[in-house]
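# Chains, contacts and geometry: an overview
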Amino acid sequence: MSKIDFSMENINQCLCSKCAVQIESQCVKDKQKIMLLITQQDLDSPMRMDAERVPGVYCTTGEAICKDIDTKKVCKCNECYIWKEYGLKDFSPGRYFCRDGEAI
Ligand code: SF4
Ligand code: SF4
């Protein structure tokens with residue numbers, strides 16, 4: 001795991017859900033539906049939001065589980081608060097964490 005926390009706060013900051021790379025992915029849509037259900041049920045969300053359920057914060061969880069993403073589209077990480085806050089441009093990889101794995 002990288003030094004970026006897998007927290008609800010960071011999940012909410014992440015721009016992956018709005019990224020063209022995965023916006024058409026049925027697998028991602030299905031995971032987002034489950035996330036919404038968990039949030040609406042007001043259960044202990046952070047406990048139930050494990051990395052397999054969340055189609056985002058790949059900078060800390062590593063490569064996407066969903067394989068129907070299109071990594072030819074443009075990554076939005078460089079517009080993300082977390083990317084700026086942690087200086088992820090200096091990490092390897094610096095973007096496209098869903099394709100290339102976590103920022104280390
Ligand atoms: S890591 Fe970058 S390319 Fe991948 S879904 Fe998130 S914003 Fe898009
Ligand atoms: S840097 Fe990219 S993967 Fe990490 S939280 Fe931001 S948008 Fe998501």
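Residues numbered from 1 in each chain as written. Chains lettered and ligands numbered in written order. Predicted model: local features only at pLDDT ≥ 70, side-chain atom pairs only at ≥ 80, totals over all residues. Heavy atoms only, no water.

## Overview of the nonpolar core
- Ranked by size, the top nonpolar core spans 29 residues in total, and within it Ile11, Met49, Ile69, Leu88 and Phe97 carry the most contacts.
- Listing elements by their share of this core, those giving two or more residues are α1 (8–13), α2 (26–40), α4 (58–61), α5 (81–85) and α6 (97–100).
- The element contributing the most residues to this core is α2, with three residues.
- Once residues within four sequence positions are removed from consideration, Phe97 is found in contact with Tyr58, Cys59, Gly62, Glu63, Cys77, Trp83, Leu88, Glu102 and Ala103. (Core = buried A, V, L, I, M, F, W, Y, C linked by side-chain atoms within 4.5 Å. Buried < 20%, exposed > 50% of the residue type's maximum accessible area, 1.4 Å probe, protein only. Helix = DSSP H or I, 4+ residues; strand = E, 2+ residues; numbered from the N terminus. Contact = heavy atoms within 4.5 Å.)

## A word on the layout of surface pockets
- Computed from the structure, the largest pocket encloses a volume of approximately 290 Å³.
- Lining the largest pocket are 17 residues, with Ile11, Asn12, Ser17, Gln32 and Met35 sitting closest to its centre.
- Listed by contribution, the elements that provide at least two residues to the lining of the largest pocket are α1 and α2.
- With five residues, α2 is the single largest residue contributor to the lining of the largest pocket.
- Residue composition of the lining of the largest pocket, by class: 10 nonpolar, five polar and two charged. (1 Å grid on protein atoms, 1.4 Å probe; cavity = no way out; pocket = protein on both sides within 12 Å on 5 of 7 lines; lining within 4 Å. Points joined across faces, edges and corners; volume = space filled by probe spheres on them. Nonpolar A, V, L, I, M, F, W, Y, C, P; charged D, E, K, R; others polar.)

## Examining the site of ligand 2
- Around ligand 2, the neighbouring residues are Cys14, Leu15, Cys16, Val57, Tyr58, Cys59, Cys77, Cys80, Ile82, Trp83, Leu88 and Phe97.
- With respect to the pocket detection grid, ligand 2 is positioned in the largest cavity.
- Looking at the shell around ligand 2, the elements with two or more residues in it are α4 and α5.
- For the shell around ligand 2, the per-class residue count stands at 12 nonpolar, no polar and no charged. (Near = heavy atom within 4 Å. Sits in = over half its atoms within 2 Å of the grid points.)

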